[in-house]
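Chain residues, written in single-letter form:
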Amino acid sequence: MDTEPAAIITQGLDPKSGTSHSESESPVHGTWGSKDGNISNSEWNDPEANKLPEKVKELEEKGEINDTPQQARKKVVVVGLGMVGIAFIEKLMKYDVKRREYDIVVIGEEPHLAYNRVGLTSFFQHRQVENLYLNPKEWYLSMPEGSLNYHLNTLVTEINPANKNVKTSSGETVSYDLLVLASGSDALLPRHTPGHDAEGVFVYRTIDDLQRLIEFSATRKGTAGAVVGGGLLGLEAAHAMMDLENFAQVKLIERNRWVLSRQLDGDAGSMVVEQVRAMGLDVMLSKRVGKILTTEKNAVRGVVFEDGEEMECSCICFAIGIKARDELARKASIKCADRGGGIIVNDDLSTSASDVYAIGECASWENQTFGLIAPGVEMADVLAFNLTQAKAHAPRKFKRPDLSTKLKLLGVEVASFGDFFADRDGPKDMPGRQKPVKKEVDKVKNLTSGPAAPPVKALVYKDPFQQVYKKYLFTMDGKYLLGGMMIGDTKDYIKLAPMVKNQKPLEIPPAELIIGASKGGDDDGSDLSGDTQICSCHNVTKDDVVNAVKDGTCKSIGDVKSCTKAGTGCGGCMPLVQTIFNKTMASMGNEVKNHLCPHFEYSRADLFNIIYVKGLKDFDAVMRECGREPESAGCEACKPAIGSIIASLFNKHLLDVERRGLQETNDRFLANIQRNGTFSVVPRVSGGEITPEKLIIIGTVAKKYNLYTKITGGQRIDMFGARKQDLPDIWQELVDGGMESGHAYAKSLRTVKSCVGTTWCRFGIGDSVGMAVRLEERYKSIRGPHKFKGGVSGCVRECAEAQNKDFGLIATEKGFNIFVGGNGGAKPRHSELLAKDVPPDDVVPILDRYLSFYIRTADKLQRTARWMENLPGGIKYLQEVILEDKLGICADLEKQMEDLVGSFFCEWTEVLKDPKKKAWFNQFANTSENIIDTIEPTQERGQERPSYWPKDSVTEDFRGHKWTELSWQPMLKAEELKDAPTGDSKALKRGDTQLAIFKVRGKYYCTQQMCPHKRAFVLSDGLIGDDIKNNKLWVSCPNHKRNFELSGEQAGRCANDESVNIATFPVEERDDGWLYVKLPSVEELDSVLGTEKFKIKKSETEDPFVALDKKLERMKLKGRKGMQVSHLDNGLGEKGKASMILAGGERGAGGLDW
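Only a predicted model underlies this, so the values are computations on that prediction, with no experimental measurement involved.

A. Inspection of the pattern of salt bridges at higher detail. With the rule as written, the count across this model stands at 63 salt bridges. A salt bridge links E776 to R684; its shortest N-O distance comes to 2.7 Å. Here the residue E776 occupies a position in helix α24 (residues 768-779), and R684 occupies one in the loop between β29 (679-681) and α22 (692-704), the gap between them amounting to 92 residues. The partner of R1070 in a salt bridge is E1068, with the nearest N and O atoms 2.7 Å apart. Judged by its relative accessible area of 31%, R1070 falls in the partly exposed class.

Here it is in structure tokens:
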């Protein structure tokens, strides 16, 4: 009698530790995915499986795990540790955690734990297999002792159903009570094609395939790579080869006339071809590889197509399909499908051999194998359920799976659902009726007239401009949706796929399914039933997400991904998952985590309240109390937000040393920076009301400093082109003339626009100017999460457009209607009525409360419109808080505003009184010399403006430039740079070159001043950011937030735009009190970084109005004149009249008669 085979499988090695795994081993503890443990697993397959380690520990402590003797437990051997294999293990463990009826031994052929094969392409970015693991090693080891044992790098070579055991390649034998085959499939390789075994021929299936492809591609840089097969896998493989950036060109070879021919029709597939070609992929259609050309060393050098055409390439990746791995079963005489292959399974997934089951791609159900994950996961669930729950419940059957797919391939959104080829192949099923009886076919008529058209109707929408294609298939009466396909716009997939699956009659005309899909915004999921599948990769329903949030398991979107695995396959469902999570959290009264930035684990509203309660008045105190890294200098995201909060609460001057480093460039120089590095000047014109005297002052200043002037949309005058060093002198004249800052540079109240109302208008019923002036004077300088604007109209004709403002008033017979939450901009929103017929005396308290509540609770950079949209309960809730004092905070809100408006001061006046603050406006810290006009001016309509920016950035490798010789040069007294917690910076001049020097936490850094993105000399004005944990420090360009690293080996690199970089130079402070910078000679420095070299010339760009001007000139419209010319015969014109007035005389008279 034979000895009982060993229960422990043969030595398989863990790829990291080199240790084997068996039942007798003690648990091996380690950190999954990263040496420092920073990578967290978010890709568990089953929602309950994620909680198994904690649940096991809890049940063990309570003694609730059934202490079944080992000999009484059945041993389940799983062959294959892929996505379906691990799905079965997870589900069986979940169902069996208390019962302890089974012990599992899983044998994996690859040297890796189960990994996410759907996410293979991401491997090319991170090159870390562990990042793809579906479960960390600790998960396997945390199960009840003996319940789960895994073995890697081991091939099963034989199945013996009679003796119920399997043999491995090392000669060991493993017994089983139940055997589950999850061996998957192999990628097809055309072995009939000459050259298929050459060096450089690959398939795209496993981590090993990818690693070999990566290594090989590095030896073929600059050559062409090819992918054969235009299906889902082929496009993924092509994407991966492009991401390698080793091949000069990647070609996709497809035998059909379009790609994705198994999911899309010709029109849709052709649209995908257009889009992927636009992304740089060379798609070759209707091509079949006849032969692979090789070198003498049997290396790929090209292909010959069946039509005789040749193509050069050094590498070929075949993605032409898969073949079920059924060789073990065939060898064991287990029935397999003759056509297409696969182990034949019944509805319960059993095979022809007793106690042997097959799931996933190796299984053939009703003569079909499935290459998608979802059917395999469903098989795993059915089998695990039946093995554990069927004693007290009817066994489940595997039914026809939903083969709908929604993916993003090479950036193109693609979806197909239901019976998407019903118009081509005929419907597989006709909902709402019995299957039609087959009629006798008239063969003669069939030959002459062709086969009858399938009994379906198609609704097609095609937009070649937006690259959107939709085809929905219906029954002939339009009552049932059968299936369809989408390209570009796939957001309705989540609604339409369940419609097909549920076979419910439509309640709307079919056309509305497409018309409705054009509505703005994302679906919020509120109209989806709980059993709607929202993640097809892992069969996650809406209820799975909702329940995981409601039972407290998931408190962040990362938790949801970890618990349910929604969004961890193709990721296409994440917008809907996020929305469902947000809505569920909101319904429970919880706030969705919305941290300010990586430096703070608080939202802006949270941080506001902490700063308010604790009275924190500077960045250093805020970081110590609230930051993740108390010594951090913050970043370009959190600094302005904290600066805004402090200003909103305490209204201290922005240019005080402890606050200046928090400010964006606009606030830092109390003026809006423009694209040529100059600034705009905007005095306040409350309510749009201005005297002639102030107009004269503005005109005089603009003339003196050659400023371009324009009337703004907020009824005031903007003067452009002011140089930084001239700003104090300009404001000296304006303030001297009774004017003050208009805060056009700030996230604060900008303007309160008005019509003339009863002041002049014969239709006016309210003094709109008077109210607008009073409101603007009250709220001027008040800073908020974003800029806000007001408007007051004197009647319902609404000339001030008050209903598209953050707050607006419209006069009524009884007072004013107050509207809130409107704005123009990129996403306009009509405001909503907050209060009706408010007496003028009561307007201010209501607006005080409204603005204070907005400042307290809004998110970073959130306009009132978006704030209102996200406010739970919307306008009704706001009315309850502001008008009915539901929260009991109205008095506090009013006091907060009263304190704030009572602390007003003109920011520019304070600068003019303080020499130290005025010094901030010098162009350079080491010289009084200036460099002007880094963009050549263009004369236009009597004024100067900067010429247009060129389209291309400067991609010169400044960072890698090899200087001839460097020497230490004294550049600046060290005392000029302050030891501020936020860092400090200055601009320097050497020859014609501009430099930026920084001081952060006692260390100095020096770079070029020019940001290569738009050739703007502004880096010294950028915000400094850091990541202490990863030892990174950067400066963020104030124009377009290009972040340049200041320290370490990557100094000079742009972290968010690899096309540009900057030069950096060593700095040291010496005993003489000076900062020395190691620089090349002036001549060499100027030859590389000189300002004149990068000055933007008018000739570099084209005038966009040339064609239009020619057209208008041909029209010769009547009555037109030059813009500076008088219509009068003897008129002086603009310049002549102004010169006469400025000279003190008017047409010979003795000046103006005031």
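B. Representation of the nonpolar core. By size, the foremost hydrophobic cluster in this structure holds 116 residues, and its most contacted members are F88 and I359. Aside from chain neighbours lying at most four places away, what touches I359 is V84, F88, V180, L181, A182, L349, M379, A380 and L383. The next biggest cluster of nonpolar side chains, apart from the first, holds 62 residues, and it includes L616, V752, F807 and Y850.

C. Layout of the environment of G634. Following the sequence through the fold, G634 ends up in the loop between α18 (619-626) and α19 (638-650). Residues G634 and F619 lie 15 residues apart in sequence; the distance between their C-alpha atoms is 8.9 Å. Discounting residues that sit within four places of it in the chain, G634 has contacts with H599, F619, M623, K639, I1024, G1025 and D1026.

D. Representation of the sheet that holds strand β28 (residues 672-673) in the model. What the four strands build is an open sheet, ordered β28-β29-β31-β30; its pairing is antiparallel. Each having just a single partner strand, β28 and β30 (708-711) make up the two edges of the open sheet. Bridging between β30 and strand β31 (residues 717-722) involves four bridges; their strand directions are antiparallel. Paired with T709 across the two strands is M719, which belongs to β31. On top of the sheet, helix α23 (residues 727-736) reaches β29 and β31; it is set at about 5 degrees to β29, its chief contact.

E. Focus on the sheet that holds strand β3 (residues 148-151). Pairing is parallel in the open sheet, where five strands are placed in the order β3-β2-β1-β7-β19. The open sheet terminates on both sides in strands that have one partner only, identified here as β3 and β19 (356-358). On average, adjacent strands in this sheet sit at an angle of 15 degrees to one another, irrespective of strand direction. Taken together, the four bridges between strand β2 (residues 102-107) and β3 define a ladder with parallel strand orientation. Of the residues in β3, the one forming a bridge with V105 is N149. Against the sheet, helix α2 (residues 83-96) touches β1 (74-79), β2, β3 and β7 (178-181), its axis set at about 165 degrees to β2.

F. Here's a closer look at the pairing of strand β5 (residues 165-168). Relative to β5, strand β4 (residues 156-160) is paired through four bridges, and the arrangement is antiparallel. Each bridged residue has a counterpart across the sheet, and for E158 the counterpart in β5 is K167. Connecting β4 to the antiparallel partner β5 that follows it, the hairpin turn spans four residues, and K164 within it adopts a positive phi of roughly 55 degrees. Examined bridge by bridge, β5 and strand β6 (residues 173-175) share three bridges and lie antiparallel to one another.

G. Fine view of a nonpolar patch on the surface. There is a patch of nonpolar side chains on the surface, built from F1105, L1108, L1112 and M1115 and spanning about 370 Å² of accessible area. Following the sequence through the fold, M1115 ends up in helix α32 (residues 1106-1115).

H. Region of interest: the environment of R100. Assignment of secondary structure puts R100 in the loop between α2 and β2. R100 sits 47 residues away from S147 along the chain, and the two C-alpha atoms are 7.7 Å apart. Not counting residues within four places of it along the chain, the set of residues in contact with R100 comprises I65, N66, T68, R73, P144, E145, G146 and S147. A distance of 3.4 Å separates a polar atom in the side chain of R100 from the backbone oxygen of E145.

I. Examining the packing of α24 against helix α25 (residues 840-857) more closely. The N-to-C vectors of α24 and α25 enclose an angle of 35 degrees; their axes lie 12 Å apart at closest approach. Judged by the sense of rotation from one axis to the other, the crossing of α24 with α25 is right-handed. Where α24 approaches α25, its residues M771, L775, R778 and Y779 are matched on the opposing element by P840, V843, V844, L847, D848 and L851. Taken together, the residues of the contact of α24 with α25 sort by class into eight nonpolar, no polar and two charged.

J. Spotlight on the side chain of T1091. Inspection of the secondary structure assignment puts T1091 in the loop between α31 (1082-1089) and α32. Note on T1091: relative accessible area 4%, which makes it buried. Contacts of T1091, omitting those with residues within four sequence positions, involve I931, T934, D992, T993, Q994 and F1017.

Analysis parameters
- Residues numbered from 1 in each chain as written.
- Predicted model: local features only at pLDDT ≥ 70, side-chain atom pairs only at ≥ 80, totals over all residues.
- Heavy atoms only, no water.
- Salt bridge = Lys/Arg side-chain N within 4 Å of Asp/Glu carboxyl O.
- Helix = DSSP H or I, 4+ residues; strand = E, 2+ residues; numbered from the N terminus.
- Buried < 20%, exposed > 50% of the residue type's maximum accessible area, 1.4 Å probe, protein only.
- Core = buried A, V, L, I, M, F, W, Y, C linked by side-chain atoms within 4.5 Å.
- Contact = heavy atoms within 4.5 Å.
- Pairing = 2+ DSSP bridges.
- Axes fitted to C-alpha atoms, helices over the stretch in contact; angles between N-to-C directions.
- Patch = residues over 30% accessible without salt bridge, like charges linked within 9 Å, V, L, I, M, F, W, Y side chains within 5 Å.
- Areas by Shrake-Rupley, 256 points an atom, 1.4 Å probe, with all protein chains shown as cover.
- Polar contact = N/O pair within 3.5 Å; in protein donor to acceptor, adjacent residues only side chain to side chain.
- Left-handed = near helix turned anticlockwise from the far one by under 90°.
- Nonpolar A, V, L, I, M, F, W, Y, C, P; charged D, E, K, R; others polar.

These values are about where atoms sit, not about what they do.
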